[in-house]
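# Observations on the model geometry
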Amino acid sequence: ALVRVIGRDMPVVAFDAPGHGESDPLPDAAQSPEHWAAALWGICDALGIGRAHLYGHNSGAATVVAAASARPDRAFSVLLDGPIALPARQRDAW
């Protein structure tokens, strides 16, 4: 998969949005790209990752857009793969 290919040249962290995949839900049960983006940056902080290349597939693309919009100083690049339809305010940000 793409993660293995990218991982040949740089470290890769695969992120499951809270409440999805193998991840526990957020304590307040909030489910939105903005909440997931905050969780993503929290993980990056815990791992000592300052700037990152962001890749998102499907709903992960919405999370990546939210993460880059919230912290453009930390988003080195953004790659969206098969993004879901984004709300107007997120489309306008791009």
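Here the residue numbering is sequential within each chain, running from 1 through the sequence in written order. Reporting of local features is limited, given that this is a predicted model, to residues whose pLDDT is at least 70; pairs of side-chain atoms are given and counted only at 80 or more, and all residues count toward the totals for whole chains, interfaces and linings. Neither water nor hydrogens contribute to the side-chain values; these are computed over all heavy atoms in the structure.

Another point: the nonpolar core. Nonpolar side chains in soluble globular proteins tend to end up buried together. With eleven residues, the main nonpolar core is built from Ala37, Leu40, Trp41, Cys44, Ala52, Leu54, Val64, Ala66, Ala67, Ala68 and Ala75. Within the residue set of this core, elements represented by two or more residues are helix H2 (33-47), strand E1 (52-57) and helix H3 (59-70). Once residues within four sequence positions are removed from consideration, tryptophan 41 is found in contact with Gly50, Leu54, Ala67, Arg71, Arg74 and Ala75. The definition of a nonpolar core used throughout is a set of buried Ala, Val, Leu, Ile, Met, Phe, Trp, Tyr and Cys residues joined through side-chain atoms within 4.5 Å. Burial classification: accessible surface area is computed with a 1.4 Å probe over protein chains only, and a residue below 20% of its type maximum counts as buried, one above 50% as exposed, and the rest as partly exposed. Each helix is a run of H or I in the DSSP string that is no shorter than four residues. Each strand is a run of E no shorter than two, and both are numbered from the N terminus. Whether two residues are in contact is decided by their heavy atoms: any pair within 4.5 Å suffices.

The term salt bridge refers to a side-chain nitrogen of Lys or Arg lying within 4 Å of a carboxyl oxygen of Asp or Glu. Enumeration according to the criterion identifies two salt bridges in this entry. Between aspartate 45 and arginine 74 there is a salt bridge; the shortest N-O distance is 2.7 Å. Residue aspartate 45 is located in helix H2, and its partner arginine 74 is located in the loop between H3 and strand E2 (75-81); the two are separated by 29 residues in the primary sequence. Put simply, arginine 71 and aspartate 73 hold a salt bridge, and the shortest N to O gap is 2.8 Å. Of the residues examined, aspartate 73 reaches a relative accessible area of 46% and is grouped as partly exposed.

This paragraph deals with the side chain of serine 32. In this structure, serine 32 sits in the loop between helix H1 (2-6) and H2. At a separation of 2.7 Å, a polar atom in the side chain of serine 32 contacts the side chain of histidine 35. The definition of a polar contact used here is a pair of N or O atoms within 3.5 Å, where within protein one atom must be able to donate a hydrogen and the other to accept one, and adjacent residues in sequence count solely through side-chain atom pairs.

Glancing now at the pairing of E2. We treat two strands as partners when DSSP finds at least two bridges between them. Judged from the six bridges that link them, E1 and E2 form a sheet pairing that is parallel. Residue pairing for E2: tyrosine 55 is matched across the bridge by leucine 79. Chirality of the crossover, the property in question, places the unit of E1, H3 and E2 among those that are right-handed. Seen with its strands pointing away from the viewer, a crossover is right-handed when the path leading from the first strand over the helix to the second is clockwise.

Take the layout of surface pockets next. Using only the protein atoms, space was sampled on a 1 Å grid; points where a 1.4 Å probe fits but cannot get out form cavities, open sets with protein on both sides within 12 Å along at least five of seven lines form pockets, and lining residues are those with an atom within 4 Å of a point. Grid points are joined across faces, edges and corners, and a volume is the space filled by probe spheres set on the points. What the largest pocket holds in volume is close to 890 Å³. What lines the largest pocket is a set of 29 residues, and nearest its centre among them are Val13, Ala14, His53, Leu54 and Tyr55. Those elements that place two or more of their residues in the lining of the largest pocket are H1, H2, E1, H3 and E2. The dominant element in the lining of the largest pocket, judged by the number of residues it contributes, is E1, at six residues. Classes in brief: Ala, Val, Leu, Ile, Met, Phe, Trp, Tyr, Cys and Pro nonpolar; Asp, Glu, Lys and Arg charged; the others, Gly included, polar. The residue inventory of the lining of the largest pocket, partitioned by class, reads 19 nonpolar, eight polar and two charged.

This part takes up unusual backbone geometry. Most peptide bonds take the trans configuration, and most residues that are not glycine carry a negative phi. The backbone of asparagine 58 sits at a positive phi, close to 55°, despite the residue not being glycine. On the basis of relative accessible area, asparagine 58 is assigned to the partly exposed category, the value being 36%.

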